Structure formats: C-alpha cells, structure tokens
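Secondary and tertiary structure notes
Below, each chain spelled out in residue letters.
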Amino acid sequence: MTNNQEAQLSQKLRDTDKVQNTSFISTQVEKQDSLSRSLQPVVLIFIVLSGTLAFVVLYNLTNINISERERELATIKVLGFFDNEVTMYIVRENVIFTIFGILVGFGIGKMLTWFIITMII
C-alpha cells in the first residue's frame, strides 16, 4: 500500500465518526528505523568507553599482580628461567583468567538479561 492509499484509507475511516485515529505499520517501521539510527552513535560511544575501561582495569590489575609477586618472580628467575619465560608465565595466567571471566560474564549477563526481560514483561 502506498502512502497516498494509506492517507485515503485513513481519511475514509476517520470520516465514519467511529475511528479517531489510524496508524499504519509502515509508518511505525519508519519511526523505529529512525530511532535505531539515532541511537547508533550512543551505542558506539558505550562500546568504546567500555573497552577502554576494561583495558585500564586489566592493566592496573596486571601491575598490582606483578608488584605483589616480585619475590615469587625473582625466585623463578633465580631458578634459571629467562625474562621471556617469566613474562609468558604472567601472560598465560592473565589470558586464562580473562577467558574464564568472559565465559562467566556471558553466563551471568545472559541470566541478568533474562531476569530483566521477564520482569519487564
């Protein structure tokens, strides 16, 4: 149905005095698309800021982890490990904990999303 046909049908229905207002799905879809397009920059900003926050948190946690374990790392070096091996030891730990955190976060996030959606409905 074209916009002209929708306007004619709407006018006919309102002329009957039994209809006060009309709304067509095509109009609603256009409004929804417009709203979605206007929210895209906001979503992009949230994604960038979240990634930046995650990087800063992981950087600080790694620094704290290393500073608190200086003696342990020194012992590993004394035992004959090279600097690259000690670095990979720390990086491996961080990668394992990051993957674990992502998996747990997705699980908890899915449960929270389900809870919020069921409470809204």
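Let me begin by describing the structure that accompanies this report. (Residues numbered from 1 in each chain as written. Predicted model: local features only at pLDDT ≥ 70, side-chain atom pairs only at ≥ 80, totals over all residues. Heavy atoms only, no water.)

Observations concerning the overall build of the protein chain
- Within the protein chain, the regular secondary structure consists of four helices and zero strands.
- Listing every helix and strand of the protein chain by position from the N terminus yields α-α-α-α.
- For 121 residues, the compact-globule estimate of 2.2 N^0.38 gives 14 Å, and the protein chain exceeds it by more than 25% at 29 Å.
- In terms of overall dimensions, the protein chain has a C-alpha envelope of 95 × 30 × 20 Å along the principal axes.
- The buried share of the protein chain, taken over its 121 residues, is 7%.
- Looking at the protein chain as shown, the accessible area adds up to about 10700 Å², and 68% of this sits on carbon and sulfur atoms.
- Here the protein chain holds 10 positive side-chain charges and 11 negative ones, and the gap between their average locations is 7 Å. (Helix = DSSP H or I, 4+ residues; strand = E, 2+ residues; numbered from the N terminus. Rg over C-alpha atoms; globule rule 2.2 N^0.38 Å. Buried < 20%, exposed > 50% of the residue type's maximum accessible area, 1.4 Å probe, protein only. Areas by Shrake-Rupley, 256 points an atom, 1.4 Å probe, with all protein chains shown as cover. Lys, Arg positive; Asp, Glu negative; His and termini not counted. Charge placed at Lys NZ, Arg CZ, Asp CG, Glu CD.)

Re the packing of helix α2 (residues 25–68) against helix α4 (residues 83–120)
- Between α2 and α4, the least distance of the axes is 12 Å, while the angle of their chain directions is 135°. With respect to each other, α2 and α4 are oriented oblique. Judged by the sense of rotation from one axis to the other, the crossing of α2 with α4 is right-handed. Of α4, the residues touching α2 (which contributes L58, T62, N65 and I66) are I90, E93, N94 and T98. (Axes fitted to C-alpha atoms, helices over the stretch in contact; angles between N-to-C directions. Parallel < 35°, antiparallel > 145°, perpendicular 65-115°, else oblique. Left-handed = near helix turned anticlockwise from the far one by under 90°. Contact = heavy atoms within 4.5 Å.)

Examining the environment of I99
- Take I99: it is sitting in helix α4.
- For I99 and L79, which are 20 residues apart along the polypeptide, the C-alpha to C-alpha distance reads 29 Å.

Overview of the packing of aromatic side chains
- Overall, the coordinates contain one aromatic pair when judged by the stated rule.
- A ring pair is formed by F55 and Y59, whose centres lie 6.3 Å apart and whose planes are at 25°; its orientation type is stacked. On the criterion of helical spacing, the pair formed by F55 and Y59 is a turn pair, its members being four residues apart in helix α2.
- By relative accessible area, F55 is classed as exposed at 57%. (Phe/Tyr/Trp six-rings, centres within 6.5 Å; stacked < 30°, edge-to-face > 60°.)

Describing the pattern of salt bridges
- Taken as a whole and judged by the stated rule, the model has three salt bridges.
- Between E72 and R69 there is a salt bridge; the shortest N-O distance is 3.0 Å.
- The class for E72 is partly exposed, based on a relative accessible area of 34%.
- The salt bridge partner of E93 is R69, with a shortest N-O separation of 2.6 Å. One end of the pair, E93, is in helix α4; the other, R69, is in the loop between α2 and α3 (70–78), and 24 residues separate them in sequence. With respect to class, E93 is no different from R69; both count as buried.
- Connected via shared salt-bridge partners are R69, E72 and E93. (Salt bridge = Lys/Arg side-chain N within 4 Å of Asp/Glu carboxyl O.)

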